[in-house]
Every structure is written in C-alpha cells, then in structure tokens.
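Coordinates in review
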Amino acid sequence: MTSGLPAFPEGFLWGVSTAAYQIEGAVDEDGRGRSVWDTFAHTPGRVRDGHTGDTACDHYHRWPEDLALLGGLGVGAYRFSIAWPRVQPGGSGAPNPRGLDFYDRLVDALLERGVEPVPTLYHWDLPQPLEDRGGWLDRDTAHRFAEYAALAAERLADRVGRWITLNEPLVHMAEGYAFGTHAPGRALLFDALPAGHHQLLGHGLAVAALRARGARQVMLTNNCTPVVPASDSAEDTAAAALYDAFHNRLFNDPVLLGSHPDLTAVGLPAEPPWIRDGDLETISAPLDALGVNYYNPTRVAAAAPGTGLPFDMVPIEGVPTTAFGWPVVPDGLHDLLTGLHLRYGPALPPILVTENGCSVEDTVDGDGRVRDTARIDYLDGHLRALHRAIADGVDVRGYFVWSLLDNFEWSDGYHQRFGLVHVDY
Ligand code: IFM
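In this text the structure is predicted, and so the values were computed from the model without any measurement.

**A look at the packing of aromatic side chains**
In this description, a pair of aromatic rings is defined by centroid distance and the angle of the planes. As enumerated under the stated definition, the model contains 33 aromatic pairs in all. Aromatic side chains Tyr 414 and Tyr 425 sit 4.6 Å apart centroid to centroid with 55° between the ring planes, which places their arrangement in the tilted category. You can see Tyr 414 sitting in the segment after β11 (396–402) and its partner Tyr 425 sitting in the segment after β11, a full 11 residues away along the chain. Ring pairing ties together the aromatic residues Tyr 21, Trp 37, Phe 40, Trp 124, Phe 408, Trp 410, Tyr 414 and Tyr 425, which thus form one cluster.

**Some thoughts on the site of the ligand**
Taken together, the residues surrounding the ligand are Gln 22, His 123, Trp 124, Asn 167, Glu 168, Tyr 295, Trp 326, Glu 355, Trp 402, Glu 409, Trp 410 and Phe 418. With respect to the ligand, the side chain of His 123 contributes an N or O atom lying 2.7 Å from an oxygen atom. Glu 168 places a side-chain nitrogen or oxygen 2.9 Å from a nitrogen atom of the ligand. Grouping the amino acids of the shell around the ligand by side-chain chemistry returns six nonpolar, three polar and three charged.

**Digging into the sheet that holds strand β4 (residues 162–167)**
Two pairing modes exist for strands in a sheet, parallel and antiparallel, and in both the strands are linked by backbone hydrogen bonds. Taken together, the eight strands give a closed barrel; going around it, the order is β1-β2-β3-β4-β5-β7-β10-β11, and neighbouring strands pair in parallel fashion. Each adjacent strand pair in this sheet contributes to an overall mean axis angle of 25°, direction not counted. Where strand β7 (residues 289–293) and strand β10 (residues 351–355) come together, four bridges link them in parallel fashion. Bridging across to β10, Val 292 finds its partner in Val 353. Running over the sheet, helix α10 (residues 234–257) touches β5 (217–223) and β7 and is turned about 160° from β5.

**Quick notes on the sheet that holds strand β8 (residues 298–302)**
The strand order across the open sheet formed by three strands is β6-β8-β9, and the pairing between neighbours is mixed. Because the sheet does not close on itself, it has two edges, and the strands there are β6 (227–229) and β9 (311–314). Geometrically, the sheet is characterised by an average inter-axis angle of 40° between neighbouring strands, direction not taken into account. The pairing of β8 with β9 spans four bridges and is antiparallel. Bridge pairing links Ala 301 to Asp 312 in β9. Running at roughly 130° to β8, α10 makes contact with β6, β8 and β9 of the sheet.

About the criteria used
- Residues numbered from 1 in each chain as written.
- Predicted model: local features only at pLDDT ≥ 70, side-chain atom pairs only at ≥ 80, totals over all residues.
- Heavy atoms only, no water.
- Phe/Tyr/Trp six-rings, centres within 6.5 Å; stacked < 30°, edge-to-face > 60°.
- Helix = DSSP H or I, 4+ residues; strand = E, 2+ residues; numbered from the N terminus.
- Near = heavy atom within 4 Å.
- Polar contact = N/O pair within 3.5 Å; in protein donor to acceptor, adjacent residues only side chain to side chain.
- Nonpolar A, V, L, I, M, F, W, Y, C, P; charged D, E, K, R; others polar.
- Pairing = 2+ DSSP bridges.
- Axes fitted to C-alpha atoms, helices over the stretch in contact; angles between N-to-C directions.
- Contact = heavy atoms within 4.5 Å.

Dropping the structure here:
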C-alpha cells in the first residue's frame, strides 16, 4: 500500500472506522437496552443465516486487544460509534452511567496511545422503545437524539474534540424505512422520506447541543456516490439526475445549502409537509467538516417496469468487483470529491473520508497469515484517486478505512469481511 504512494498534506488524519452494533456484542450487559437491530436480527429471515450482533467481535470485552491492534497500524484516529441504547436504554431520560463508563474508558485508552477518538453518535442502533413510538418517522425522535447527544458530550467533550452526529442517514432511511432490508424493516418506499428529514433535524439539533457542551468540531457523515447515466439518452440522463437527488442531494443540500432538492418529478410535493418552518435553518448550521463515505459509483438507467422506482440501477461492466459484488472504481472517489467541490463551492466545508474499503473473501494461509492483496490493491487505487482530488483543489483532511476488524455486515451477517484485521469468529 505504501510503495510509491504520493505524499499527503502535513497533518492529514489517517484512521480506521467501526460501529457499535457491528463489533461490540454484550447486548445485555451493564444496563444496555434493546435496539432496533437486536429486534431485526432476531426476527427469522431478516439476516443471512440468522446471524446477530449478540457477540459480534466481542469488542465490549476485548477492546484492550483491539486497541493494541489499532496501535500496531499506526493510525492517528479511530472512528467508533456510541450505542445510544447503552447510554439511554429506553431512548430518553436519565443516562445509564455504566454505558457511558465504557466509552469513557475507551476514550482514555485511545488518548493514552496518542490516537484521536472520533465518535459517531448514531450508527443505526435506535433504542427499540423509540421505534415503538414511530422511530425516525416521528419528529420527536429528533429531539430525543439531541438530548442523547447532550448526555454523551457532557461526559466526553472534555476529551473528545471531534464529533460525528449521524452515519449515512440516507442508507438508514432507504434500507431501514423504504425497502425494509435493514432494521427496523419497514417497506414504505417514498413514505419513508420523513425518516430522512427527521434524522437531519436530529443532526441539526445535536450540533447545537454538542457545541453548547464544548465540542470543538462537529460533522455529519453522508454516504455519497457519483452517479453515471447508463447512456446519453434523455431518459437515462433524467433518471440519473433523479437518483443523484435522492442519494446525494437529499442529505447534502439541506445541510450545506439550507435547501431541499426538487423531487416533484416523482409526484412529491415541492414543499413537503414534514419540513416545518425553521427546520432548514437548524439543519444547515455550519459544519466543521463533512464526512463522506465512498464505496462505488452508481450507474443509472430509466425506470424498469414493475419496480415502483423512478430509476433503475444497472451494473458497471468491465471492472473488478468485491466479494459483495460491488464494482471497484477508484476514480469514482476522485470524481465524487471534485463533484462535491464543484457543486457546493464555498458552502463545502473540509472533507474527511470517513469510510472507504472493500469486502474480500480472505483466505488464511498455512502460516496463519492473510495475504490481503485484493484489499491492498483496492486501498492503493483509492488513495491515489484521493490524492489526485486533493491536487485538484478539494480540501480533504483525512481518510478512514472501513473497517478495523471484520464485523457484522448488517443483513449479510458475518459473510462480508471488510476488516484490515481478520477475525476468527
Ligand atoms: O458496514 C457498513 C457500515 O456500517 C456503513 N457504511 C458501509 C459499510 C459497508 O457496507
């Protein structure tokens, strides 16, 4: 990975990422409440082979070993997520001190190693009692999220400077509420849109709560993809623009521009009733950085009959794919970053690439080692593309690999290995 890589700017932040439900396990310990993922994973047929996060990588118990592995990588930062149901088991009210103690110890141990802790407050593990009251479809969840953010900051902001509010609200809305392939498993198609807006509102309210408690840098992490029309026909081009509006602009425009993309082409209202006066001002509070997760570009054609969707995602031909079947297109990272720079201009804050990586079917050699050539090639290509984007003027300040460890890959269970470190489950 390092041979011949060009030099990155002084102070560039190198890190690795994980998320609570994907690695922690210990779902019944120290007063943790249930989350939507506990419910979903224990519902037959929802997760491949019935896998759950009950034990995951047992990070809740083995975190000192995991931090030793992190130390061995020489990274400057570790992005992890705080499990809301550990901090507020019922999703509201007084904090559970034992839940906060876990992250308190983790933060101290990271700082002792000279590694910057970068917590994400929400990586999809909504406390089940909040889902029972409507989850992210209910506007009140945004207020509950800000209350939880305040509790986390009261305990940790004396040592944690950089905070991420939400991870990939698009993916949570789409997979969790529109298609039902993730928790909480609702399949509402366009009726899921309020779940996206309420997450962004929660983000905006949390920004203020975090800053009031000493957070120095606050960010949101969005999953972004460069969208490529399948042909230059007017139909494919229009479908690609629509897909771009849903995947990228729906979550970047409100935050960076204080506006909402036009989705009237699919019959949605120009002024959606779930967006109330003042919401966009709250949501567009200036950020210290934007977190960008990149995996692959998306090729889009005009709608295919019978899907109920206004666009069709079609394969990108002639490129390698990951074990997940995702196309490997390093240039897509360059195109994404330069595209954001062009689209948002001065409204774009510095960027941290908060996730990038690939799943690989690792094989452990006779000597116990994984010779991870496919992953090394993937990272090498993406780092070169990232470097080119910086050379082209995009202000990127850091890069985090997904993931430190192989872990629970949501509805694919333990089948996709994204880790720099191989886990023998
Ligand atoms: O594992 C996920 C992560 O939780 C969010 N971003 C994408 C990763 C790979 O699918």
